[in-house]
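Fold and contact review
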Amino acid sequence: VYQFLAALFALITLSVTGFYGFNIPTLICSVASAFLLTVSIFSSLEAMKGCTLVLINMTSSASIILPCVLGIFLFDEPMGALQWVGLVVFVISAYFLVSDSKSTGGKMTLKTVLMLVAYFLGEGLIVVVQKFFANNVEGRNTAAFSFLMFASNALILSLCALVSCK
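What counts and how
Residues numbered from 1 in each chain as written. Predicted model: local features only at pLDDT ≥ 70, side-chain atom pairs only at ≥ 80, totals over all residues. Heavy atoms only, no water. Salt bridge = Lys/Arg side-chain N within 4 Å of Asp/Glu carboxyl O. Helix = DSSP H or I, 4+ residues; strand = E, 2+ residues; numbered from the N terminus. Buried < 20%, exposed > 50% of the residue type's maximum accessible area, 1.4 Å probe, protein only. Patch = residues over 30% accessible without salt bridge, like charges linked within 9 Å, V, L, I, M, F, W, Y side chains within 5 Å. Areas by Shrake-Rupley, 256 points an atom, 1.4 Å probe, with all protein chains shown as cover. Arc of directions from axis to C-beta. Expected span 1.5 Å × (residues − 1). Contact = heavy atoms within 4.5 Å. Polar contact = N/O pair within 3.5 Å; in protein donor to acceptor, adjacent residues only side chain to side chain. Phe/Tyr/Trp six-rings, centres within 6.5 Å; stacked < 30°, edge-to-face > 60°.

Examining the pattern of salt bridges
- Counting across every chain of the model gives three salt bridges.
- Lysine 131 is the partner of glutamate 77 in a salt bridge, and the nearest nitrogen-oxygen pair spans 2.8 Å. Within this pair, whereas glutamate 77 is found in the loop between α4 (65-74) and α5 (81-105), its partner lysine 131 is found in helix α6 (residues 110-136), the two being separated by 54 residues in sequence.
- Residue class for lysine 131 comes out partly exposed when judged on its relative accessible area of 30%.
- Bridged by salt links that share partners, the residues Glu46, Lys49 and Lys111 form one connected network.

Considering a nonpolar patch on the surface
- Together, Leu5, Leu8, Phe9, Leu11, Ile12, Phe19 and Phe22 line one region of the surface with nonpolar side chains, adding up to about 680 Å² of accessible area.
- With respect to the helices, strands and loops of the structure, leucine 11 is situated in helix α1 (residues 2-17).
- Exposure remark for leucine 11: the relative accessible area of 32% places this residue in the partly exposed category.

Comments concerning helix α3 (residues 53-62)
- Three or more residues of α3 are buried, namely Leu55, Ile56, Met58, Thr59 and Ala62. Seen along its axis, α3 keeps its buried residues to an arc of 160°; they face one direction.

A word on helix α7 (residues 142-165)
- The first and last C-alpha atoms of α7 sit 34 Å apart over 24 residues, in line with the 34 Å expected at 1.5 Å per residue.
- All of the buried residues in α7 are Ala143, Ala144, Phe145, Leu148, Met149, Phe150, Ser152, Asn153 and Ala154.
- On its buried face, α7 sits against α1, α2 (24-47) and α6.
- For α7, the capping residue at the N-terminal end is asparagine 141, with a side-chain oxygen 3.0 Å from the backbone nitrogen of alanine 143.

So, the packing of aromatic side chains
- If you walk through the whole model with that rule in mind, you get two aromatic pairs.
- Seen from their ring centres, phenylalanine 133 and phenylalanine 145 are 4.6 Å apart, and the 25° between their planes marks the pair as stacked. Placement of the pair is phenylalanine 133 in helix α6 and phenylalanine 145 in helix α7, with a sequence separation of twelve residues. Note on accessibility: phenylalanine 133 and phenylalanine 145 belong to one class, buried.

Next comes the structure, spelled out in structure tokens:
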């Protein structure tokens, strides 16, 4: 339902900004983001079965590392000294959080670790795709991108719900 509402609000925004920017690169970026969002949703829900919510939230926050590091190579965006310091502080705090999670949440299974990795990758790559869209798609319309992404995600989730009901 949330994805349908998000698509509706994006459609309203699109009606105000104008119906331009519907092109193949926008469609590809939108569908890729929708797929990654689906991966994020399902992997986070599966990970919740085997670890603490704090660890899942930390994984979500950590996913910003991916676009920062990939931005160096893909978009020629260097990271500043303070960003590197922040990254090191984050990794150290994540280490302590994982250690504490192990002591309070029991033993994590391989499945839980894989779901956390999938969640990390899904969340981080969504930002990379959005950055690619913002930097490389000519004639882009952010409202068109948002509409297509949320509508695609709503469709994917609906299909998953139909398949799981059978």
